[in-house]
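# Chains, contacts and geometry: an overview
Listed below are the residues making up each chain.
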Amino acid sequence: MLFEPFTDVYPSFWGWLNQGPLTLTLFLHTVIVLPMFWLYFKEKKRLEQEK
Amino acid sequence: MAKSHSVWTSIRFWRQSAAWVTGFAVVLLILLTFDTMRQIKMGGKRVPSPSVINNHIDYKYSKKRGHEVPVIGDKEPFFGKQWSDEEAAALLHKGKLTSQAKNCMNCHTLLGNGAYYAPDLTKAWLDPKWKQMMPMVGAKTKEEAIAKFLQHPEMYPTHERRMPNLKITPDEAKALVAFLKHMSAIDTNGFPRGFSKGVKEFEAGGTYAH
Amino acid sequence: MLTSIKNNNLQFESQKLGLMYFRVALILFGAQLLMGLIAAIQFMYPEFLYGLFDFSVARMVHINALVVWMLYAMIGAVYYMLPDETGIEAVGIGLGKLAFWVLTAAVTVVVLVYIFIQIGPGKESTIWFINEGREYIEAPRWADIGIVVVVLIFYYNVFFTFMKGKKTGVMTVMVANLLALAGLYLAGMFFTDNISMDQYWWWWVIHLWVEATWEVFVGTLAAYALIKIIDAKREIVEMWLWIEVLMLFGSGILGLGHHYFWIGTPEYWWEIGALFSALEPVPLVAMFVHVLYDWGKEQGAHGDRPAIKNGPAMAWIVTNAFGNFLGAGIWGFFHTLPQVNIYTHGTQFTAAHGHLAFFGAYATILIGMMYLGVQGAYGVERMKATFKSKMAIFLITFGVLGMTVALTIAGYEQVLVERAELGGGWDAFFTAQALPWMKQAMTWRTIMGVVTFIGFVYLVLDLLTIGKESQKNS
Ligand code: HEM
Ligand code: HEM
Ligand SMILES: [Fe+2]
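This structure is a prediction, so every number in the text was calculated from the model and none was measured.

Around ligand 1, the structure places 27 residues, and the nearest of them are C:Glu135, C:Tyr136, C:His345, C:Thr350 and C:His353. Each of chains B and C places residues near ligand 1. Within the side chain of C:His353, a nitrogen or oxygen atom sits 2.8 Å from a nitrogen atom of ligand 1. Of all elements in the fold, only helix 7 (195-230), helix 11 (311-334) and helix 13 (348-378) of chain C reach the threshold of two or more residues within the shell around ligand 1. By residue number, the principal contributor to the shell around ligand 1 is helix 13 of chain C, which donates seven residues. Of the residues contributing to the shell around ligand 1, the split by class is ten nonpolar, 13 polar and four charged.

This is the structure we're talking about:
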């Protein structure tokens, strides 16, 4: 089961994201890593221009 | 060096990435902290109000949560009376202060944090051993037994390792019992697990073979 | 180290001040070990000093001396590297020296009160003047305020020297990180009746120190030391430093969640704490690889001339790379998932990890910095390890590893018998404590503690003499 019923004491945004195994951290890790792709390609373009 | 054109060796790339990741982690932590503060403020469902000392407290398995949770039951007298909200809050305040002033945390763990020289106090209020202790210290109720023990632990050794006399006054002892009772009503997501389930074994002399 | 108080070869007052901090740090380190030994003996013979100098007192001084000597050595290290990195003298050196004496006087008073007064009545006055009763940050409120003032002076010195002098990448990280490190102390300075709230903020100080800001501090020190000891290339070292910052803060800040599993906080911390802290070992591996890689590379780079300018310092820094990875990375990972932590939480297993991590990640590199300081004070070009240096590093490392093994075994036993089998509680606790395996482990911990202490004696002797000996030999 990817999504489980909500069981914690208080409903909350974070608790809601946490309803399936790993969904909360998967979400957070993705949000953290994605902009690094953008930083990577920005830097790549800069380095090429310098060359 | 041919490699100096690789992004992977660009200091600027790593510096920007470090700034982004750190900044984002800090912002997330702050947001999570706001949500947690809301959930653990005193008087809520996770950390009950001080007046919970007027209620019976139990620790039972919840099918829905998948672990034990505190169950706050009917009213019961605490040191022979019902405590008003203000009285209960003042008592808990004194208890928490005393726990710090006497440094309980450098022998015991509280909510699992502290020192490992003496038992965890998270659910000490619910420990079945107090039933045994009541006749030993000459007390009629559990709260009295704990209070008596705390004032003169050196007089009631049950194990080789004794708790020392920390010059705890009767008032401070009462307050500490309130602090312990309140702590046992905090929802700790099932810690400790299977609390004191070994008790039957002890009562049977440490064996199931009887 | 002592003989060089008056006339030494250091060019900068800032570096001399650094050495003053190192001296006090070493004394407190010794006090820490003695207190640990008392506490360890009390585990074996509970009547030892019972009612006079109880376990709680010995332990409080043990871990407070630990935190304070490390902060001293850290401040010392910063004052020492400051002129090297910025190229100039610290801007407010007179004020810096005053702060040193004020801090040292305050620490002395706090320790004397811990030892002789110990506890107070359950009133606010106790928290203001005797002790705050919160593990690691027991210092009473008056001392907290004093510490804040002293740290402000220290930070003023570092920041304005940085602004005035050369701005290296190493110092940029240092200045930013120190601000966070100092600011976090404020999170531990208030009282609340709510024990969950109390521990929530208490962990901000403890965890965000040792698993975020102190780690970055160590990465910065290692960067500086590698440049200094083996002429590592600055661009490469600084690139690694930024990668380390990225990974350390990326995992360590939210890794804080591994302390929010059971203190009344919401269940979503299970997942956040587990998965972010599970990544915390990654930067530690990276730091390890980096140090060994640079070491190996520089070894061959200078022809016949030995590449290492300070043998004992380098040995301690390599031990740091390994110990950080082992104590924090491996031993930390062992118990960081909630599925495991529900049983290991608050057992000797935690103590095993605490010892190896604090030693491996911090004690080692700070001792290495002290050797760098001695080298500078005696103006020795190349400082080789002496017999005493080797005995010191071997006995201390072997002793701490031995204590860790003993505590790990004790922890396993406690986890399985007290927690899993008997479910915790008063009798369950003592049933586990009374088992022969636990008792043996406690005996071995004490023996290995004595080994550690003998190593410490060698360390002190070595630091006092190695400078002169190297001068004679060169
Ligand atoms: C140099 C870095 C580190 C140091 C100095 C350190 C030190 C400590 C100390 C002293 C404690 C016990 C705190 C107490 O008294 O209650 C502790 C607890 C803990 N540490 Fe670390 N630690 C470090 C890194 C890590 C890492 C990288 C991880 C995980 C991967 C980790 C996981 C944990 C966990 C889960 C606990 C809680 C133990 C419990 O539930 O009782 N630590 N740490
Ligand atoms: C002579 C050697 C040492 C001995 C005999 C010793 C003994 C002890 C004892 C008995 C405790 C109390 C544990 C408990 O509550 O059950 C303790 C705690 C602690 N010690 Fe040591 N210790 C020694 C050296 C060190 C060193 C070198 C370090 C770090 C660099 C260190 C760091 C700590 C820490 C962080 C704690 C708190 C652990 C926790 O709460 O999990 N100790 N030590
Ligand atoms: Fe942590």
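Let's pick the thread back up.
Residue and element names in this part refer to chain C. Structurally, chain C comprises domain 1 (12-166) and domain 2 (308-474). Relative to domain 2, the C-alpha centre of domain 1 lies at a distance of 20 Å. Contacts between domain 1 and domain 2 engage 21 residues on the former and 26 residues on the latter. Buried surface at the junction of domain 1 and domain 2, both sides included, amounts to about 2000 Å², of which 88% is carbon and sulfur. Between domain 1 and domain 2 we count zero salt bridges in total. Counting every contact that joins domain 1 to domain 2 gives one residue pair in polar contact (both at pLDDT 80 or more). The set of elements that each furnish at least two residues to the side of domain 1 that touches domain 2 consists of helix 1 (13-44) and helix 2 (55-86). Looking at the side of domain 1 that touches domain 2 element by element, the count peaks at 13 residues for helix 1. Grouping the amino acids of the side of domain 1 that touches domain 2 by side-chain chemistry returns 19 nonpolar, two polar and no charged.

The next subject is the nonpolar core. Residues and elements named next belong to chain C. Judged by nonpolar contacts, the single largest core of 230 residues is most densely connected at Trp69, Trp204 and Leu459. Examining the composition of this core, we find that 26 residues originate from one element, helix 7, more than from any other. With residues near it in sequence (within four places) discarded, Trp69 still touches Ala25, Leu28, Phe29, Gln32, Ala363, Leu366 and Met370.

Attention now goes to the coordination of the iron ion (ligand 3). Residue and element names in this part refer to chain C. Distances from the iron ion (ligand 3) to its protein donors, His207 (ND1), Glu211 (OE), His258 (NE2) and His259 (NE2), fall at 2.0 to 2.2 Å. In this structure, the iron ion (ligand 3) is coordinated by four donor atoms arranged in irregular fashion, with angles at the metal of 85 to 144°. Within one chain, the residues donating to the iron ion (ligand 3) are spaced in sequence as H-x3-E-x46-H-H. A separation of 4.3 Å is found between the iron ion (ligand 3) and the iron atom of ligand 1.

Residue and element names in this part refer to chain C. Here Leu19 shows up in helix 1. Among the residues examined, Leu19 registers a relative accessible area of 2% and is labelled buried. Put simply, Leu19 and Gly373 are 354 residues apart on the chain and 6.4 Å apart in space, counted from C-alpha to C-alpha.

Let us look at the interface of chain B and chain C. At the junction of the two partners, chain B supplies 84 residues and chain C supplies 86 residues. Taken together, the two surfaces of chain B and chain C that pack against each other cover about 7700 Å², and 64% of this comes from carbon and sulfur. In this structure, the connection of chain B to chain C is made through five salt bridges. Among the salt bridges present, the one from B:Arg162 reaches C:Glu47, with a minimum N-O distance of 2.7 Å. Applying the counting criterion to the chain B and chain C interface returns 38 residue pairs in polar contact (both at pLDDT 80 or more). Those elements that place two or more of their residues in the side of chain B that touches chain C are helix 1 (11-40), helix 2 (85-101), strand 3 (109-110), strand 4 (113-114), helix 3 (129-137), helix 5 (170-184) and helix 6 (199-203) of chain B. Ranked by the residues each element gives to the side of chain B that touches chain C, the list is headed by helix 1 of chain B, at 18 residues. By residue class, the composition of the side of chain B that touches chain C is 39 nonpolar, 26 polar and 19 charged.

Looking now at empty space enclosed by the protein. This structure, assessed with the given rule, holds eight cavities of 30 Å³ or more. Its boundaries defined by the atoms lining it, the second largest cavity holds a volume of some 580 Å³. What lines the second largest cavity is a set of 41 residues, among which B:His108, B:Ala118, B:Pro119, B:Phe149 and B:Met163 lie closest to the centre. When contributions to the lining of the second largest cavity are tallied by element, the ones reaching two or more residues are helix 4 (142-151) and helix 5 of chain B together with helix 2 and helix 15 (426-434) of chain C. Of the residues belonging to the lining of the second largest cavity, the class tally is 27 nonpolar, eight polar and six charged.

To characterise two packed helices, one gives the angle between the axes of the helices and the distance between these axes. Running from amino to carboxyl end, helix 1 of chain B crosses helix 8 (residues 234-255) of chain C at an angle of 15°, the nearest separation of the two axes being 8 Å. Judged by the inter-axis angle, helix 1 of chain B sits roughly parallel to helix 8 of chain C. The way helix 1 of chain B lies across helix 8 of chain C gives a crossing that is left-handed. Across the interface between the two elements, B:Ile11, B:Trp14, B:Arg15, B:Ser17, B:Ala18, B:Val21, B:Thr22, B:Ala25, B:Val26, B:Leu28, B:Leu29 and B:Leu32 from helix 1 of chain B touch C:Glu235, C:Glu238, C:Met239, C:Trp242, C:Ile243, C:Val245, C:Leu246, C:Phe249, C:Gly250, C:Ile253 and C:Leu254 from helix 8 of chain C.

So, on to the pattern of salt bridges. Here the structure, examined in full by the defined rule, presents 26 salt bridges over all chains. The residue C:Asp198 makes a salt bridge to B:Lys96 at a minimum N-O spacing of 2.5 Å. Of this pair, C:Asp198 sits in helix 7 while B:Lys96 sits in helix 2, each in a different chain. The buried category is assigned to C:Asp198, whose relative accessible area is 6%. C:Glu469 is the salt-bridge partner of C:Lys388, the closest N and O atoms lying 3.7 Å from each other. Here the residue C:Lys388 occupies a position in helix 14 (residues 387-421), and C:Glu469 occupies one in helix 16 (residues 436-473), the gap between them amounting to 81 residues. Taken together, the salt bridges that share partners define one network made up of B:Lys96, C:Glu132, C:Arg134, C:Arg141 and C:Asp198.

Reading the values: the criteria
- Residues numbered from 1 in each chain as written.
- Chains lettered and ligands numbered in written order.
- Predicted model: local features only at pLDDT ≥ 70, side-chain atom pairs only at ≥ 80, totals over all residues.
- Heavy atoms only, no water.
- Near = heavy atom within 4 Å.
- Polar contact = N/O pair within 3.5 Å; in protein donor to acceptor, adjacent residues only side chain to side chain.
- Helix = DSSP H or I, 4+ residues; strand = E, 2+ residues; numbered from the N terminus.
- Nonpolar A, V, L, I, M, F, W, Y, C, P; charged D, E, K, R; others polar.
- Domains from an automatic or database assignment.
- Contact = heavy atoms within 4.5 Å.
- Buried area = accessible area lost by both parts, 1.4 Å probe.
- Salt bridge = Lys/Arg side-chain N within 4 Å of Asp/Glu carboxyl O.
- Core = buried A, V, L, I, M, F, W, Y, C linked by side-chain atoms within 4.5 Å.
- Buried < 20%, exposed > 50% of the residue type's maximum accessible area, 1.4 Å probe, protein only.
- Donors = N, O, S within 2.8 Å, 3.2 Å for Na, K, Ca; no water.
- Tetrahedral: all angles 85-135°; square planar, octahedral: opposite > 155°, others 65-115°.
- 1 Å grid on protein atoms, 1.4 Å probe; cavity = no way out; pocket = protein on both sides within 12 Å on 5 of 7 lines; lining within 4 Å.
- Points joined across faces, edges and corners; volume = space filled by probe spheres on them.
- Axes fitted to C-alpha atoms, helices over the stretch in contact; angles between N-to-C directions.
- Parallel < 35°, antiparallel > 145°, perpendicular 65-115°, else oblique.
- Left-handed = near helix turned anticlockwise from the far one by under 90°.

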